[in-house]
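# Remarks on the overall topology
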Amino acid sequence: MPHHRTLLKHFPSLHSLNLSSNAKLTLSPAVFSNLGALRLLDLSSCGIAYIHMDTFKGLENLHTLLLRNNSLQKLDVPFLLPLKALFHLDLQHNALVSVDTWSLQLMETVPRVHLEGNPWVCDCSAHPLQQWLQHRRAVQVTCVSPPALRGQEIAALDSQDLGCYINQRFARELNATQQITATENNTTALPAGKGGRSWPYLVGFLVTAIGISIVIALVAKCKLVHKNFASYHHRPLPEISSIGGSPMEDSSSWDRGSCGSHSITDAADLQAEDDDGFIEDNYIQPSEQLPTKERELHRSI
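Every value quoted in this text rests on a predicted model; they were computed, and no experiment measured them. (Residues numbered from 1 in each chain as written. Predicted model: local features only at pLDDT ≥ 70, side-chain atom pairs only at ≥ 80, totals over all residues. Heavy atoms only, no water.)

### Observations regarding the overall build of the chain
- From N to C terminus, the chain includes 8 helices and 7 strands.
- Put simply, the chain has 301 residues, and 28% of those count as buried.
- Split by element, the accessible area of the chain, about 20,000 Å² in all, is 58% carbon and sulfur. (Helix = DSSP H or I, 4+ residues; strand = E, 2+ residues; numbered from the N terminus. Buried < 20%, exposed > 50% of the residue type's maximum accessible area, 1.4 Å probe, protein only. Areas by Shrake-Rupley, 256 points an atom, 1.4 Å probe, with all protein chains shown as cover.)

So this is what it looks like as structure tokens:
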């Protein structure tokens, strides 16, 4: 295997390459980069313990990758990134004991993945793998340790079997305690320089109250509203004497004639009919003209 150059650089149209059972095979970065048409790569039983993230660079059309019967203990997550068309990934009978969430997300895009025969440790760290296997309905992926779960399928277990129940309950209680503490801190102490979070509401309330007060004052002072309100409840009284002084003076002058008493009685009756209990000077305008009947009455007097 070349260390600093590509393998089989004169075979760019190669579709299948079987390198299985080559002991201690070393895979350098981008060693297959010139095999862009490769569809199947078999690296089974080669004693591979580590895969560089750029090992499969250039294999955009690779369909099947066989890595069974090797010594992989950990998956270097990005090594799957260049394999855009990968359909079948075989990782059976390696030394994998756990797999992280990112690796599972990358393998989610691969329709067929085989993980059987690895010494999986079924503790709480295997919970993402257990959910991933349940989602894909994978079978025959079994636990090796702890001894109480040895031989049991991981997909058939739950979080309590994996020992996650106590940890999850403790984490929930811890989160609840932290939230209560944070709430108490927010209510008892205001952040420096900001004055807390309630001051915008207080300012808005004060501005609204001041605005409403100004509107009420303007409405109360508006003469037009006042006049309309007064005219709704009252009506102007007819002017009895706008010429010749006050009503008392007119009454004394009427007494001097023979028909004065009768006229005064008519005027009193007219005033009694129009009196509604409110007499306001601003409703009697001096400039108003006397009615025709009263003008003739005054002329006769």
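### Points about unusual backbone geometry
- Cis geometry marks the peptide bond from Ser145 to Pro146; its omega dihedral reads 0 degrees.
- Among the structural elements, Pro146 can be located in the loop between strand S7 (143-145) and helix H3 (165-188).
- Its identity is not glycine, yet Leu8 carries a phi of approximately 55 degrees, on the positive side.
- Tracing the sequence through the fold places Leu8 in the segment before strand S1 (16-18).
- A relative accessible area of 32% means that Leu8 is categorised as partly exposed.
- Within the chain, Ser45 stands out as a residue other than glycine whose phi angle is a positive 55 degrees.
- Residue classification places Ser45 among the partly exposed positions, given a relative accessible area of 29%.

### Things to note about the UniProt feature "transmembrane region" (unreviewed entry) in the chain
- In this structure's numbering, the residues bearing the UniProt feature "transmembrane region" (unreviewed entry) are residues 199-220.
- Overall, residues 199-220 shows 100% helix and 0% strand. The separation of its end C-alpha atoms is 32 Å. (UniProt positions renumbered as here; feature names shortened; annotations may be inferred.)

### Digging into the nonpolar core
- Counting 49 residues, the largest nonpolar core has Phe32 and Leu65 as its most contacted members.
- Residue assignment for this core shows that the elements contributing at least two residues are helix H1 (101-107) and helix H2 (127-136).
- When residues are assigned to domains, this core turns out to be shared by domain 1 (1-118) and domain 2 (120-165), each giving three or more.
- Setting aside chain neighbours within four positions, we find Leu65 in contact with Leu41, Leu43, Phe56, Phe79, Leu83, Leu86, His88, Leu89 and Asp90. (Core = buried A, V, L, I, M, F, W, Y, C linked by side-chain atoms within 4.5 Å. Domains from an automatic or database assignment. Contact = heavy atoms within 4.5 Å.)

### Notes on the pattern of salt bridges
- Counting across every chain of the model gives 1 salt bridge.
- Among the salt bridges present, the one from Asp90 reaches Arg68, with a minimum N-O distance of 2.4 Å. Of the two residues, Asp90 sits in strand S4 (residues 88-90) while Arg68 sits in the loop between strand S3 (64-66) and S4, which places them 22 residues apart along the sequence.
- Residue Asp90 is classed as buried on the basis of its relative accessible area, which comes to 0%. (Salt bridge = Lys/Arg side-chain N within 4 Å of Asp/Glu carboxyl O.)

### Remarks on the environment of Gly117
- Counting through the fold element by element, Gly117 comes out in the loop between strand S5 (112-114) and strand S6 (120-121).
- Given a relative accessible area of 43%, Gly117 falls into the partly exposed group.
- When neighbours within four sequence positions are excluded, Gly117 is seen to be in contact with His93 and Asn94.

### Things to note about the state of the cysteines
- Within this structure, the stated rule accounts for 2 disulfides.
- Covalent S-S linkage joins Cys122 and Cys143, the inter-sulfur distance amounting to 1.8 Å. Across the disulfide from Cys122 to Cys143, rotation about the S-S bond amounts to roughly -95 degrees, and the bridge is consequently left-handed. Taken as a pair, Cys122 in the loop between S6 and H2 and Cys143 in strand S7 lie far apart in primary sequence, 21 residues in all. Like Cys143, Cys122 is buried.
- Along the chain, the cysteines engaged in disulfide bonds are linked according to the scheme 1-3, 2-4 when indexed in sequence order. (Disulfide = S-S within 2.5 Å.)

### Observations regarding the packing of aromatic side chains
- Summed over all chains, the structure comprises 2 aromatic pairs.
- Seen from their ring centres, Phe32 and Phe56 are 6.3 Å apart, and the 10 degrees between their planes marks the pair as stacked. Remark: Phe56 occurs in the loop between strand S2 (40-42) and S3 and Phe32 occurs in the loop between S1 and S2; sequence separation between them is 24 residues. Each member of the pair, Phe32 as well as Phe56, carries the same accessibility label: buried.
- The interplanar angle of 55 degrees and the centroid separation of 5.9 Å between the aromatic rings of Phe56 and Phe79 together place this pair among those described as tilted. (Phe/Tyr/Trp six-rings, centres within 6.5 Å; stacked < 30°, edge-to-face > 60°.)

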